[in-house]
Amino acid sequence: MERRRSFPDVLAGGVFVLIGGAFVVGSLGYELGTPLRMGPGAFPLLVGVTVAALGLAIVVKGLIAGEVVSFGPIPWRAVAVIVLALLFFGFTVRGLGFVPTSAVTALLTTLASSRVRPVTAVAVAAGLTVAATLIFVVGLQVRIPLWGPWLGF
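Residues numbered from 1 in each chain as written. Predicted model: local features only at pLDDT ≥ 70, side-chain atom pairs only at ≥ 80, totals over all residues. Heavy atoms only, no water.

### Observations concerning the packing of aromatic side chains
Evaluation of the coordinates by the stated rule reveals two aromatic pairs. Between Phe89 and Phe98, the aromatic rings sit 6.3 Å apart at their centres with planes inclined by 85°, giving edge-to-face as the arrangement. Taken together, the ring pairs in this structure connect Phe89, Phe98 and Phe136 into an aromatic cluster. (Phe/Tyr/Trp six-rings, centres within 6.5 Å; stacked < 30°, edge-to-face > 60°.)

### Some words on helix 5 (residues 118-139)
Compared with an ideal rise of 1.5 Å per residue, which puts 22 residues at 32 Å, helix 5 spans 30 Å between its outermost C-alpha atoms and is within 8% of the ideal. Ala121, Ala125, Thr129, Ala132, Thr133 and Val137 are the residues of helix 5 that are buried. In this fold, the buried residues of helix 5 make contact with helix 4 (98-110). Within two residues after helix 5, Gln141 carries a phi angle of roughly 55°, on the positive side. (Helix = DSSP H or I, 4+ residues; strand = E, 2+ residues; numbered from the N terminus. Expected span 1.5 Å × (residues − 1). Buried < 20%, exposed > 50% of the residue type's maximum accessible area, 1.4 Å probe, protein only. Contact = heavy atoms within 4.5 Å.)

### Some words on the packing of helix 1 (residues 7-27) against helix 2 (residues 42-64)
As a packed pair, helix 1 and helix 2 sit with axes 7 Å apart at the nearest point and diverge in direction by 160°. It follows that helix 1 is roughly antiparallel to helix 2 by the angle criterion. Pair helix 1 / helix 2 crosses with left-handed handedness. A per-class count over the contact of helix 1 with helix 2 returns 14 nonpolar, eight polar and two charged. (Axes fitted to C-alpha atoms, helices over the stretch in contact; angles between N-to-C directions. Parallel < 35°, antiparallel > 145°, perpendicular 65-115°, else oblique. Left-handed = near helix turned anticlockwise from the far one by under 90°. Nonpolar A, V, L, I, M, F, W, Y, C, P; charged D, E, K, R; others polar.)

### Some thoughts on helix 3 (residues 76-96)
Because each turn of an α-helix spans 3.6 residues, side chains separated by three or four positions end up pointing in the same direction. An ideal rise of 1.5 Å per residue puts 30 Å on 21 residues; helix 3 measures up with 28 Å between its terminal C-alpha atoms. At Gly90, helix 3 is deflected by roughly 35°, the largest bend along its length. Looking at the buried residues of helix 3, the elements they touch are helix 4. Of the residues one or two after helix 3, Gly97 is the one with positive phi, at around 100°. (Bend = angle between axes of the 7 residues up to and from the residue.)

Next comes the structure, spelled out in structure tokens:
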């Protein structure tokens, strides 16, 4: 019987174990409390243990019954455009405002795929901008200007 190992599963499971372990270590700096009166460290501890346990299960699955998965070519254009969009948002949101920055960021990330037509990209960007504005500015009341000082509003 041939054992196949899945490197992506082992790698992903290892990342989950590391993240869960970091949550566990971070939670130990807070008071855990008791099961009936949980302290501020109880929830991060439980989340960390759960994430680490799931990661360990993924690692074991990858070592025992993994599937051979071959990675295709790395889509460098998409990686570059998405990184550029995130940097654009971070550096311009205060100057341009939330609406135009969200629109440009959504347009850039939509155009990261070579299969999306420009008309579709504009429609998706408009929808995402409206949704993000309703969620963050209206619903969550994040205090950020809709239109920034760089636009003269």
